[in-house]
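If you want the building blocks of each chain, they are given just below.
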Amino acid sequence: MTTESLVLVLGDQLSETVSSLKAANRSTDVVLLVEVNEEATYVRHHKKKIAFIFSAMRHFADLLRRFGWTVDYVELTAPGNSHSFTGEVERAIARHRCTRLLVTEPGEWRVRQAMDSWQVRLGLPVEILEDDRFVCTHAEFEKWAIGRKRLRMEYFYREMRRKTGLLMDGDSPVGGRWNFDSENRKPAADDLFIPSPHFVQPDEVTREMMDLVGRAFPDHFGDLEPFRFAVTAEKAEAALEHFIRETLPSFGDYQDAMLRGQHFLYHSFLSAYINAGLLDPLDVCRRVEQAYFDGTAPLNAVEGFIRQIIGWREFVRGIYWLKMPDYADSNFFDTHRALPDFYWTGETDMDCLREAILQTKQEAYAHHIQRLMVTGNFAMLAGVDPQKIHEWYLVVYADAYEWVELPNTLGMSQFADGGLLGSKPYAASGNYINKMSNYCSACRYDVKQKTGPEACPFNALYWDFLDRNGAVLRGNPRLGQIYRVWDRMKVETQELYRASAARFLETL
Ligand code: FAD
Ligand code: DLZ
Ligand code: SF4
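Residues numbered from 1 in each chain as written. Chains lettered and ligands numbered in written order. Predicted model: local features only at pLDDT ≥ 70, side-chain atom pairs only at ≥ 80, totals over all residues. Heavy atoms only, no water.

(A) Region of the structure containing the sheet that holds strand β2 (residues 30–34). Spatial ordering of the open sheet is given by β3-β2-β1-β4-β5, a layout of five strands whose pairing is parallel. At either end of the open sheet lies a strand with only one pairing partner, and these are β3 (70–74) and β5 (126–129). If you compare each strand with its neighbour and ignore which way they point, the axes differ by 25 degrees on average. Two strands pair when backbone bridges link them, and strand β1 (residues 5–8) and β2 are joined in this way by three bridges, in the parallel orientation. Bridge pairing links Val-7 to Val-31 in β2. On top of the sheet, helix α3 (residues 47–66) reaches β2 and β3; it is set at about 160 degrees to β3, its chief contact. Contacts from helix α4 (residues 85–96) reach β1, β2, β3 and β4 (100–104) within the one sheet, and its direction differs from that of β2 by about 150 degrees. (Pairing = 2+ DSSP bridges. Helix = DSSP H or I, 4+ residues; strand = E, 2+ residues; numbered from the N terminus. Axes fitted to C-alpha atoms, helices over the stretch in contact; angles between N-to-C directions. Contact = heavy atoms within 4.5 Å.)

(B) Region of the structure containing the site of ligand 1. Residues in contact with ligand 1 amount to 28 residues; listed here are only the nearest, His-267, Ser-268, Phe-269, Asn-275 and Tyr-365. The contact in question runs from an oxygen atom of ligand 1 to an N or O atom on the side chain of His-368, over 2.8 Å. Coverage of ligand 1 by the protein amounts to 99% of the 810 Å² it exposes when considered alone. For the shell around ligand 1, the secondary-structure elements that each account for two or more residues are α11 (271–276), α13 (299–323), α16 (368–382) and α18 (402–413). Here the shell around ligand 1 takes six residues from α18, the largest share from any one element. For the shell around ligand 1, the residue count by class is 14 nonpolar, ten polar and four charged. When we break the shell around ligand 1 down by domain, the ones giving at least three residues each are domain 2 (138–202 + 232–323) and domain 3 (342–506). (Near = heavy atom within 4 Å. Polar contact = N/O pair within 3.5 Å; in protein donor to acceptor, adjacent residues only side chain to side chain. Areas by Shrake-Rupley, 256 points an atom, 1.4 Å probe, with all protein chains shown as cover. Nonpolar A, V, L, I, M, F, W, Y, C, P; charged D, E, K, R; others polar. Domains from an automatic or database assignment.)

(C) Spatial organisation of the packing of helix α15 (residues 351–363) against α16. At a minimum axis separation of 10 Å, α15 and α16 run at an interaxial angle of 115 degrees. Classified by the angle between their axes, α15 and α16 sit roughly perpendicular to one another. As α15 runs across α16, the sense of the crossing is left-handed. Together, Cys-352, Leu-353, Ala-356, Ile-357 and Gln-359 of α15 and Gln-370, Val-374, Thr-375 and Phe-378 of α16 make up the contact between the two elements. Here the residues of the contact of α15 with α16 sort into six nonpolar, three polar and no charged. (Parallel < 35°, antiparallel > 145°, perpendicular 65-115°, else oblique. Left-handed = near helix turned anticlockwise from the far one by under 90°.)

Here is the structure:
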């Protein structure tokens, strides 16, 4: 029998309402899902991320079958698996003799390039549909961005609030302000009670995927145990409910805090589900908004959370598609240092980095401030090649896909785009980490010492970074004050900072 359409669903499109499925006909079309080496190894993804995606894909295929779809699922070890999207689509078209290919646009430029070649290569109509799981379309983002001197998330975010009606009171923001971030910077006390996120025990399918990944990708970074991710929309939904009930009320207050041994604090641990399609971002925001209206969560938490999703998440996606492919080569500071080996092993005396890296190895997760102000901040201060740290972030987190990871890394964390995404570099000395965490109290380095072998390395690196990049940063109005502090320092003090930083960098 000839099939009408082949509907390719990618591993991060696991939503029943993804546009390709909405456009398909379940009585005549075949849905294709494929496990391929190319996706697992174009960067050598964290083992847990691969197991999560494969297990979620297999569960999604079962769900579609239950809903009456015909599903063709190519397992990693299937005989003849060509191990690429292109190869598997080609084989499936031959198998099903279909007359059209339907697919939702991918999240990565690399895959989009391949898809754009398919119509000619495969000799049949290929319909690449817009991914309408995002609030802002590509056309809307372009329209918003064109003609603007600066692209600032805050103004974009207001447009998204207006578009969605989230936390809006007519034309005005609920509570009279768009942004409550100034209330969201509390450090967390050591003895704070922090409910853990909703963890899900691996089921039989997940256990099988953990074994498969352990065998197929033994050299990849990361631990498979403990596996805590939900792999179905139903279980991800339970995680969302748990977050709204238990954690959301304090999300805002402690958003920037870090604590030794606390991997999640009050963060939602939902990004992997949202990005893979198990949760719908707008639905998540509406449910969180409802918690405010129900009086179970305060406005600073609810607004802060919604801003991360309809603000930052949509904004970085807009930047990615507006600026790719050149964006990936950004290197504003022209830095070329290799990534220190301890990013893979955690073997460093710097407690903050060791904590963030070892938990990343264990969980395939670290929260935003660990990513931005610890691993990201250090890489920027040390002058690591932005491409190398970008690859690291894409490998190590279960929520990492290039459309969201690349702008966060190159733009927000490394300032490698020269200020397209953020107005100043997120550079900080040990003082910031000490204020927002309890890492320093157990560290072999002394955060109060500025220079010398016992001093926290972030301190000298911070001033050395500003000094080294003065030619391109001094003109930034947000850094004027800090350069005045540097300029007022004695020449000998400046020399001590430079020498201390140089000595430390030699050890990397
Ligand atoms: P929460 O703190 O609970 O936030 C709620 C939700 O808001 C998240 O689930 C996520 O969907 C969204 N969100 C929050 N911040 C951002 C942001 N800056 N950009 C986009 N969405 C955001 N996020 C990814 O989803 N994938 C990545 O690959 C990724 N790489 C990053 C790399 C660097 C260097 C930095 C600084 C940030 C990166 N982020 C990335 C953003 C952010 O750190 C994660 O979204 C967040 O830590 C996920 O944990 P959570 O679900 O507990 O988030
Ligand atoms: C991340 C990932 C991995 C590890 N494996 C697969 C896979 O085997 N099959 C699949 O369809 N998707 C996978 N993914 C997600 C893709 O990398 C993702 O869909 C593309 O990067 C486009 O965003
Ligand atoms: Fe990190 Fe410095 Fe604090 Fe050690 S002293 S934990 S290196 S900030």
